[in-house]
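Reading the structure
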Amino acid sequence: GQNIDQPTEMTATEGAIVQINCTYQTSGFNGLFWYQQHAGEAPTFLSYNVLDGLEEKGRFSSFLSRSKGYSYLLLKELQMKDSASYLCAVRRNTNAGKSTFGDGTTLTVKP
Amino acid sequence: DTGVSQDPRHKITKRGQNVTFRCDPISEHNRLYWYRQTLGQGPEFLTYFQNEAQLEKSRLLSDRFSAERPKGSFSTLEIQRTEQGDSAMYLCASSLGWGVGKNIQYFGAGTRLSVL
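A few points on the structure. Here the structure is a predicted model, which is why all the values come from computation and not from measurement.

Attention now goes to the side chain of Asn103(B). Considering the arrangement of structural elements, one finds Asn103(B) in the loop between strand 9 (88-95) and strand 10 (106-107). Overall, the relative accessible area of 2% leaves Asn103(B) in the buried class. Side chain to side chain, Asn103(B) and Tyr48(A) meet in a polar contact 3.2 Å long.

Shown next, in the form of structure tokens:
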């Protein structure tokens, strides 16, 4: 099976930088996704890492270390609208393509 | 591209009743997934389709649950003899395929089921 751990809650200030960590244990790793989910809404895709290193996309960056089973999502220049749950999801190297999700990190951005 | 759409958005039912949800994936997406999400948890995989073929079902999916994708386009998820424990958000997602760049899953807004 897979074990995915994320902090349950984080708080940060508008304009600041926040790093949300995700650790996982799995066999046959084949990619890690980050999704953003506002309350009552669908998860929306943020980033995908399959190789080690940093992927940058505007204010959001995601990092992966496969040897350490570790990823983080970095959010810069925080805005109030960034208050949401951030879900880390890991995919295994099977034909299913299904992803196993962590329970999410609820980020609260304060003025 | 209108995104993944799900219907209804909300469903309230009495225990023991049957319910059916519909999902329309993004057009040309071959893969369709069903997940269930409860408050404070991440989505849990239920089942997935490659075109019209249902290729995997989670052990979470009891025999009261059935899903179909008859023409490889929209899908339905039926729950028979609903129980209070079935109350959750049911999410549908679709992806273009398997390879890198094709495997990103796009989610619908979900159907929130409340079983009284």
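Side-chain direction in a regular strand flips from residue to residue, so the side chains alternate between the two faces of the sheet. All names here are of chain B. In strand 3 (residues 19-24), alternate side chains face the same way, and those of Val19, Phe21 and Cys23 are buried while those of Thr20, Arg22 and Asp24 on the opposite face are not. Pairing analysis gives three bridges linking strand 1 (residues 5-7) to strand 3, with the strands arranged antiparallel. When the bridges of strand 3 are listed, Ser5 appears paired with Asp24. Strand direction decides the pairing type here: strand 3 and strand 8 (residues 75-79), joined by five bridges, are antiparallel. Counterpart to Val19 in the pairing with strand 8 is Ile79.

Residue and element names in this part refer to chain B. Counting across every chain of the model gives six salt bridges over all chains. Put simply, Arg64 and Glu83 hold a salt bridge, and the shortest N to O gap is 3.4 Å. Residue Arg64 is found in the loop between strand 6 (53-57) and strand 7 (65-68), and its partner Glu83 is found in the loop between strand 8 and strand 9; the two are separated by 19 residues along the sequence. For Arg64, a relative accessible area of 9% corresponds to the buried category. By sharing partners, the salt bridges in this structure join Arg64, Glu83 and Asp86 into a single network.

This next bit is on the pairing of strand 4 (residues 29-37) of chain A. Residue and element names in this part refer to chain A. Most of strand 4 is tucked away: nine of the nine residues are buried. Of the pairings in the sheet, the one linking strand 4 to strand 9 (residues 84-92) comprises seven bridges and is antiparallel in character. Pairing of Trp34 across the sheet is with Cys88, part of strand 9. Bridge count for strand 4 against strand 5 (residues 44-49) is five bridges, and the pairing is antiparallel. Looking at strand 5, one finds that Gln36 is bridged to Thr44. In textbook terms, the turn of a hairpin is the stretch between consecutive antiparallel strands, and for strand 4 and strand 5 this stretch comprises six residues, one of which, Gly40, has a positive phi near 75°.

So, about the sheet that holds strand 1 (residues 3-5) of chain A. All names here are of chain A. Across the sheet, five strands lie side by side as 1-3-8-7-6; this open sheet has antiparallel pairing. The open sheet terminates on both sides in strands that have one partner only, identified here as strand 1 and strand 6 (53-57). Neighbour-to-neighbour, the strand axes of this sheet turn through a mean angle of 15°, independent of strand direction. Bridge count between strand 6 and strand 7 (residues 60-65): five bridges; the pairing is antiparallel.

As a further point, take the interface of chain A and chain B. On the side of chain B, 22 residues touch chain A, which itself brings 22 residues to the contact. Regarding the contact of chain A and chain B, the summed buried area is about 1,800 Å², with carbon and sulfur atoms giving 53% of it. Where chain A meets chain B, there are zero salt bridges. Of all the secondary structure elements, the ones that give two or more residues to the side of chain A that touches chain B are strand 4, strand 5, strand 9 and strand 10 (99-101) of chain A. When residues of the side of chain A that touches chain B are assigned to their parent elements, the largest contribution, four residues, is made by strand 4 of chain A. For the side of chain A that touches chain B, the class distribution of residues is nine nonpolar, nine polar and four charged.

What counts as what
Residues numbered from 1 in each chain as written. Chains lettered and ligands numbered in written order. Predicted model: local features only at pLDDT ≥ 70, side-chain atom pairs only at ≥ 80, totals over all residues. Heavy atoms only, no water. Helix = DSSP H or I, 4+ residues; strand = E, 2+ residues; numbered from the N terminus. Buried < 20%, exposed > 50% of the residue type's maximum accessible area, 1.4 Å probe, protein only. Polar contact = N/O pair within 3.5 Å; in protein donor to acceptor, adjacent residues only side chain to side chain. Pairing = 2+ DSSP bridges. Salt bridge = Lys/Arg side-chain N within 4 Å of Asp/Glu carboxyl O. Axes fitted to C-alpha atoms, helices over the stretch in contact; angles between N-to-C directions. Contact = heavy atoms within 4.5 Å. Buried area = accessible area lost by both parts, 1.4 Å probe. Nonpolar A, V, L, I, M, F, W, Y, C, P; charged D, E, K, R; others polar.

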